[in-house]
Amino acid sequence: MAGEQPWIVVALDVDSAERAEALAARLDPALCRLKVGKELFTRAGPGLVERLQARGFSVFLDLKFHDIPNTVAGACRAAADLGVWMVNVHALGGVRMMEAAREAVSRSGQQNTLLIGVTVLTSHDAGDIAAVGLGDAPDALVERLAGLALGAGLDGLVCSAREAPRLRALHGNAPVLVTPGIRPADAVADDQRRIVTPAQARADGADYLVVGRPITAAADPGAALEGIAAELQQGPSGA
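None of these values were measured; they are calculated from a predicted model.

Asks: Any chance you could explain the overall build of the chain here in plain terms?
Replies: For the chain, the helix and strand inventory stands at 11 helices and eight strands. Expressed as a percentage of contacts within the chain between residues at least 6 apart in sequence, the contacts between residues at least 24 apart total 70%. Summed over all atoms, the accessible surface of the chain reaches about 10800 Å², with 48% contributed by carbon and sulfur. Within the chain, one finds 22 positive and 28 negative side-chain charges whose respective centroids are separated by 2 Å.

Here it is as C-alpha coordinates:
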(Lines give C-alpha, C1' and ligand atoms only; values in the text may rest on other atoms or scores of the structure.)
Protein backbone atom coordinates (compact mmCIF):
# COMPACT_ATOMS: atom_id res chain seq x y z
CA MET A 1 0.00 0.00 0.00
CA ALA A 2 1.05 3.58 -0.63
CA GLY A 3 0.23 5.05 2.77
CA GLU A 4 2.97 6.53 4.90
CA GLN A 5 2.60 7.22 8.60
CA PRO A 6 0.78 8.86 10.20
CA TRP A 7 -2.14 6.81 8.88
CA ILE A 8 -4.80 8.46 11.05
CA VAL A 9 -6.65 11.49 9.65
CA VAL A 10 -8.64 13.33 12.30
CA ALA A 11 -11.83 14.89 10.94
CA LEU A 12 -12.17 18.43 12.30
CA ASP A 13 -15.94 18.47 11.85
CA VAL A 14 -16.47 21.55 14.00
CA ASP A 15 -18.08 24.91 13.25
CA SER A 16 -15.36 27.43 14.05
CA ALA A 17 -11.67 28.08 13.65
CA GLU A 18 -11.38 28.47 17.43
CA ARG A 19 -12.74 24.99 18.10
CA ALA A 20 -10.60 23.50 15.35
CA GLU A 21 -7.42 25.07 16.67
CA ALA A 22 -8.24 24.10 20.24
CA LEU A 23 -8.55 20.49 19.11
CA ALA A 24 -5.37 20.67 17.06
CA ALA A 25 -3.49 21.95 20.10
CA ARG A 26 -4.32 18.69 21.90
CA LEU A 27 -3.18 16.42 19.05
CA ASP A 28 0.29 15.28 18.01
CA PRO A 29 1.15 15.87 14.32
CA ALA A 30 3.52 12.90 14.53
CA LEU A 31 0.47 10.67 15.08
CA CYS A 32 -2.17 12.16 12.77
CA ARG A 33 -3.09 14.36 9.86
CA LEU A 34 -6.15 16.63 9.84
CA LYS A 35 -9.21 16.82 7.58
CA VAL A 36 -10.92 20.15 6.93
CA GLY A 37 -14.35 19.82 5.34
CA LYS A 38 -16.96 22.07 3.78
CA GLU A 39 -18.50 23.71 6.87
CA LEU A 40 -15.22 24.48 8.60
CA PHE A 41 -13.53 25.73 5.44
CA THR A 42 -16.52 27.91 4.55
CA ARG A 43 -16.51 29.46 8.01
CA ALA A 44 -12.76 29.77 8.55
CA GLY A 45 -11.19 29.89 5.08
CA PRO A 46 -7.64 29.26 3.88
CA GLY A 47 -6.11 31.03 6.87
CA LEU A 48 -7.09 28.18 9.15
CA VAL A 49 -5.46 25.65 6.83
CA GLU A 50 -2.26 27.69 6.90
CA ARG A 51 -2.30 27.88 10.70
CA LEU A 52 -2.85 24.14 11.03
CA GLN A 53 0.04 23.52 8.65
CA ALA A 54 2.20 25.90 10.69
CA ARG A 55 1.54 23.61 13.69
CA GLY A 56 3.11 20.76 11.71
CA PHE A 57 -0.04 19.04 10.45
CA SER A 58 -0.63 17.71 6.95
CA VAL A 59 -4.11 18.81 5.85
CA PHE A 60 -6.64 16.93 3.74
CA LEU A 61 -8.95 19.53 2.17
CA ASP A 62 -12.18 17.55 1.81
CA LEU A 63 -14.32 19.74 -0.46
CA LYS A 64 -15.30 17.17 -3.14
CA PHE A 65 -15.09 19.60 -6.05
CA HIS A 66 -17.68 18.89 -8.77
CA ASP A 67 -18.20 21.49 -11.49
CA ILE A 68 -17.18 22.27 -15.06
CA PRO A 69 -13.56 21.30 -15.82
CA ASN A 70 -12.14 24.82 -15.82
CA THR A 71 -13.72 25.72 -12.48
CA VAL A 72 -12.56 22.53 -10.78
CA ALA A 73 -9.08 22.93 -12.24
CA GLY A 74 -8.83 26.41 -10.75
CA ALA A 75 -10.06 25.25 -7.36
CA CYS A 76 -7.63 22.34 -7.28
CA ARG A 77 -4.76 24.59 -8.32
CA ALA A 78 -5.67 26.95 -5.48
CA ALA A 79 -5.72 24.06 -3.02
CA ALA A 80 -2.33 22.83 -4.19
CA ASP A 81 -0.92 26.36 -4.00
CA LEU A 82 -2.17 26.46 -0.41
CA GLY A 83 0.14 23.54 0.26
CA VAL A 84 -2.44 20.97 1.34
CA TRP A 85 -1.35 17.36 1.53
CA MET A 86 -4.49 16.08 -0.18
CA VAL A 87 -7.56 17.42 -2.01
CA ASN A 88 -10.48 15.58 -3.58
CA VAL A 89 -12.94 15.83 -6.45
CA HIS A 90 -16.15 13.94 -7.15
CA ALA A 91 -15.70 11.34 -9.89
CA LEU A 92 -19.25 11.95 -11.13
CA GLY A 93 -17.87 15.16 -12.63
CA GLY A 94 -16.47 13.03 -15.42
CA VAL A 95 -13.16 12.23 -17.04
CA ARG A 96 -12.54 15.68 -18.59
CA MET A 97 -13.08 17.35 -15.24
CA MET A 98 -10.73 14.95 -13.46
CA GLU A 99 -8.07 15.27 -16.14
CA ALA A 100 -8.25 19.06 -15.86
CA ALA A 101 -7.89 18.80 -12.09
CA ARG A 102 -4.90 16.47 -12.48
CA GLU A 103 -3.16 18.86 -14.86
CA ALA A 104 -3.84 21.84 -12.59
CA VAL A 105 -2.41 20.15 -9.51
CA SER A 106 0.60 18.93 -11.48
CA ARG A 107 1.32 22.49 -12.65
CA SER A 108 1.17 23.92 -9.15
CA GLY A 109 4.35 24.97 -7.44
CA GLN A 110 3.46 22.43 -4.73
CA GLN A 111 4.36 19.10 -6.29
CA ASN A 112 3.38 16.85 -3.39
CA THR A 113 -0.39 17.46 -3.19
CA LEU A 114 -2.34 14.23 -3.66
CA LEU A 115 -5.49 14.36 -5.78
CA ILE A 116 -8.10 11.71 -4.98
CA GLY A 117 -11.59 10.91 -6.21
CA VAL A 118 -14.89 10.31 -4.43
CA THR A 119 -17.07 7.69 -6.11
CA VAL A 120 -20.40 7.03 -4.33
CA LEU A 121 -21.18 8.75 -1.05
CA THR A 122 -21.61 6.30 1.82
CA SER A 123 -25.02 7.89 2.55
CA HIS A 124 -26.35 6.74 -0.84
CA ASP A 125 -28.10 3.42 -1.32
CA ALA A 126 -29.48 1.69 -4.42
CA GLY A 127 -32.70 3.72 -4.25
CA ASP A 128 -30.86 7.03 -4.20
CA ILE A 129 -28.73 6.01 -7.17
CA ALA A 130 -31.72 4.83 -9.18
CA ALA A 131 -33.66 8.02 -8.38
CA VAL A 132 -31.07 10.20 -10.12
CA GLY A 133 -31.04 7.97 -13.18
CA LEU A 134 -27.86 5.96 -12.65
CA GLY A 135 -28.57 2.36 -13.58
CA ASP A 136 -25.68 0.57 -11.89
CA ALA A 137 -25.94 -1.06 -8.50
CA PRO A 138 -23.87 0.82 -5.88
CA ASP A 139 -20.91 -1.59 -5.96
CA ALA A 140 -20.79 -1.60 -9.75
CA LEU A 141 -20.99 2.20 -9.85
CA VAL A 142 -18.14 2.49 -7.36
CA GLU A 143 -15.97 0.23 -9.53
CA ARG A 144 -16.89 2.12 -12.72
CA LEU A 145 -16.12 5.55 -11.22
CA ALA A 146 -12.95 4.29 -9.54
CA GLY A 147 -11.66 3.08 -12.89
CA LEU A 148 -12.45 6.42 -14.52
CA ALA A 149 -10.73 8.36 -11.72
CA LEU A 150 -7.56 6.32 -11.81
CA GLY A 151 -7.58 6.33 -15.62
CA ALA A 152 -7.71 10.14 -15.48
CA GLY A 153 -4.49 10.14 -13.44
CA LEU A 154 -5.83 10.66 -9.93
CA ASP A 155 -3.65 9.39 -7.09
CA GLY A 156 -6.36 7.44 -5.32
CA LEU A 157 -9.87 7.19 -3.99
CA VAL A 158 -12.08 7.77 -1.00
CA CYS A 159 -13.84 4.49 -0.31
CA SER A 160 -15.69 2.61 2.38
CA ALA A 161 -13.77 -0.06 4.26
CA ARG A 162 -15.89 -2.78 2.69
CA GLU A 163 -14.91 -1.57 -0.79
CA ALA A 164 -11.15 -1.48 -0.13
CA PRO A 165 -10.39 -5.20 -0.73
CA ARG A 166 -12.20 -5.20 -4.10
CA LEU A 167 -10.52 -1.99 -5.23
CA ARG A 168 -7.13 -3.42 -4.23
CA ALA A 169 -7.89 -6.58 -6.23
CA LEU A 170 -8.84 -4.49 -9.28
CA HIS A 171 -6.15 -1.81 -9.13
CA GLY A 172 -3.27 -3.17 -7.05
CA ASN A 173 -1.29 -1.40 -4.37
CA ALA A 174 -0.53 1.88 -6.12
CA PRO A 175 -3.75 3.89 -5.58
CA VAL A 176 -4.08 5.73 -2.27
CA LEU A 177 -7.23 4.55 -0.47
CA VAL A 178 -8.75 6.84 2.15
CA THR A 179 -11.40 5.24 4.36
CA PRO A 180 -13.92 7.18 6.49
CA GLY A 181 -16.20 5.79 9.20
CA ILE A 182 -13.51 4.14 11.32
CA ARG A 183 -14.20 3.25 14.95
CA PRO A 184 -11.69 1.81 17.43
CA ALA A 185 -12.58 -1.56 18.91
CA ASP A 186 -13.93 -0.13 22.18
CA ALA A 187 -15.86 2.83 20.70
CA VAL A 188 -19.63 3.30 20.63
CA ALA A 189 -21.24 2.97 17.22
CA ASP A 190 -22.78 6.49 17.09
CA ASP A 191 -24.72 6.53 13.80
CA GLN A 192 -22.46 4.08 11.97
CA ARG A 193 -24.19 0.91 10.80
CA ARG A 194 -21.10 -1.16 10.17
CA ILE A 195 -18.12 -0.75 12.44
CA VAL A 196 -14.63 -1.27 11.05
CA THR A 197 -11.69 -1.03 13.40
CA PRO A 198 -8.54 0.84 12.39
CA ALA A 199 -6.40 -2.29 12.28
CA GLN A 200 -8.96 -4.19 10.21
CA ALA A 201 -9.30 -1.32 7.75
CA ARG A 202 -5.53 -1.26 7.26
CA ALA A 203 -5.49 -5.04 6.80
CA ASP A 204 -8.25 -4.72 4.21
CA GLY A 205 -6.18 -2.32 2.11
CA ALA A 206 -6.85 1.20 3.39
CA ASP A 207 -3.90 3.59 3.48
CA TYR A 208 -5.39 6.44 5.53
CA LEU A 209 -8.17 6.18 8.10
CA VAL A 210 -10.50 9.09 8.75
CA VAL A 211 -11.57 9.18 12.40
CA GLY A 212 -13.89 11.81 13.86
CA ARG A 213 -15.89 11.61 17.08
CA PRO A 214 -13.92 8.82 18.76
CA ILE A 215 -11.10 11.37 18.95
CA THR A 216 -12.72 14.81 18.72
CA ALA A 217 -15.51 14.07 21.22
CA ALA A 218 -13.26 12.27 23.70
CA ALA A 219 -12.57 13.83 27.09
CA ASP A 220 -8.87 13.67 26.20
CA PRO A 221 -8.49 13.77 22.39
CA GLY A 222 -4.73 13.32 22.61
CA ALA A 223 -5.05 10.14 24.65
CA ALA A 224 -7.77 8.82 22.32
CA LEU A 225 -5.47 9.41 19.34
CA GLU A 226 -2.62 7.63 21.09
CA GLY A 227 -4.90 4.67 21.80
CA ILE A 228 -5.90 4.31 18.15
CA ALA A 229 -2.27 4.62 17.06
CA ALA A 230 -1.38 1.83 19.48
CA GLU A 231 -4.26 -0.30 18.17
CA LEU A 232 -2.92 0.11 14.65
CA GLN A 233 0.51 -1.09 15.74
CA GLN A 234 -1.05 -4.23 17.23
CA GLY A 235 -2.69 -5.25 13.97
CA PRO A 236 -6.09 -6.93 13.41
CA SER A 237 -5.55 -9.62 16.05
CA GLY A 238 -5.19 -6.92 18.69
CA ALA A 239 -8.21 -4.92 17.57
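Asks: I would appreciate a short explanation of the side chain of Asp62 in the present structure.
Replies: By secondary structure assignment, the location of Asp62 is in strand E3 (residues 59-65). Once residues within four sequence positions are removed from consideration, Asp62 is found in contact with Lys35, Val36, Gly37, Lys38 and Asn88.

Asks: Help me understand the packing of aromatic side chains, please; the structure alone is not making it clear to me.
Replies: Any two aromatic rings considered together are summarised by their centre-to-centre distance and by the angle between their planes. For the structure on display, the rule yields one aromatic pair. Ring plane angle 85° and centroid distance 4.9 Å describe the contact between Trp85 and Tyr208, whose orientation is recorded as edge-to-face. With a gap of 123 residues between them, Trp85 in the loop between helix H4 (69-82) and strand E4 (86-90) and Tyr208 in strand E8 (residues 208-211) connect regions that are remote in the sequence. Owing to a relative accessible area of 11%, Trp85 belongs among the buried residues under this scheme. Over the aromatic face of Trp85 sits the side chain of Arg33, whose NZ or CZ is 4.3 Å from the ring centroid.

Asks: Explanation requested: helix H5 (residues 95-107) in the structure shown.
Replies: For an α-helix, 3.6 residues make a turn, and residues three or four places apart therefore share a direction. Along its 13 residues, H5 runs 18 Å from first to last C-alpha, staying within 8% of the 18 Å computed at 1.5 Å per residue. For H5, the full list of buried residues reads Met97, Met98, Ala101, Arg102, Ala104 and Val105. End-on view of H5: buried residues confined to an arc of 165°, all on one side of the axis. Among the exposed residues of H5, those oriented more than 90 degrees off its buried face are Arg96 and Arg107. Check the buried side of H5 and you find it contacts E3, H4, E4, strand E5 (114-118) and helix H7 (138-151).

Asks: Even after reading the chapter, I still don't get the nonpolar core, so can you show me in this structure?
Replies: Burial of nonpolar side chains together is a common tendency in soluble globular proteins. Membership of the largest hydrophobic core comes to 64 residues, with the highest contact counts inside it found for Ile8, Leu34, Val89 and Ile215. In terms of residues, this core owes the most to one element, H7, which gives six residues.

Asks: Please clarify how the pairing of E5 should be interpreted in this entry.
Replies: Consecutive residues of a regular strand have side chains that alternate between opposite faces of the sheet. Taking burial as the measure, the five residues of E5 include five buried ones, the bulk of the element. Judged from the three bridges that link them, E5 and strand E6 (residues 156-158) form a sheet pairing that is parallel. Paired with Gly117 across the bridge in E6 is Leu157.

Asks: I would appreciate a short explanation of the pattern of salt bridges in the present structure.
Replies: As enumerated under the stated definition, the model contains 12 salt bridges in all. For Asp62, the salt bridge goes to Lys35, with nearest N and O atoms at 3.0 Å. You can see Asp62 sitting in strand E3 and its partner Lys35 sitting in strand E2 (residues 32-36), a full 27 residues away along the chain. Neither residue differs from the other here; Asp62 and Lys35 are each classed as buried. Here Arg102 ties to Asp155 by a salt bridge, and the two come within 2.9 Å at their closest N and O atoms. Placement of the pair is Arg102 in helix H5 and Asp155 in the loop between H7 and E6, with a sequence separation of 53 residues. Judged by relative accessible area, which is 25%, Asp155 ranks as partly exposed. Linked by salt bridges that have partners in common, Asp13, Lys35, Asp62 and Lys64 make up one network.

The rules we used
Residue numbers here run from 1 along each chain, matching the order of that chain's written sequence. With pLDDT at 70 or above as the cut-off, local features in this predicted model cover only qualifying residues; side-chain atom pairs require 80 or more to be listed or tallied, and sums for whole chains, interfaces and linings still use all residues. Water and hydrogen atoms play no part in the side-chain values, which are based on all heavy atoms of the structure. A run of H or I in DSSP counts as a helix once it spans at least four residues, and a run of E counts as a strand once it spans at least two, with each numbered from the N terminus. The contact criterion used throughout is that any non-hydrogen atoms of two residues lie within 4.5 Å. To be clear on the numbers: accessible area is Shrake-Rupley with a 1.4 Å probe, and residue cover counts the displayed protein chains and nothing else. Counted as positive: Lys and Arg. Counted as negative: Asp and Glu. His and the chain ends are not counted at all. Lysine's charge is taken at NZ, arginine's at CZ, aspartate's at CG and glutamate's at CD. Paired rings are identified among Phe, Tyr and Trp, the last through its six-membered ring, by centres lying within 6.5 Å, and are further divided according to the angle between planes into stacked (under 30 degrees), edge-to-face (over 60) and tilted (the rest). Think of it in three bands: with a 1.4 Å probe and only protein chains considered, a residue is buried below 20% of the maximum accessible area for its type, exposed above 50%, and partly exposed in between. A ring is considered to have a charge above it if a Lys NZ or an Arg CZ atom is located within 6 Å of its centre and within 35 degrees of its normal. In this scheme, a helix's expected span is set at 1.5 Å multiplied by one less than its residue total. In this description, one arc is meant: the one made by directions from the helix axis to the C-beta atoms. Only buried residues count toward a nonpolar core. Its members are Ala, Val, Leu, Ile, Met, Phe, Trp, Tyr and Cys residues joined through side-chain atoms within 4.5 Å. Here, any two strands with at least 2 DSSP bridges between them count as paired. Any carboxyl oxygen of Asp or Glu that lies within 4 Å of a side-chain nitrogen of Lys or Arg is treated as forming a salt bridge with it.

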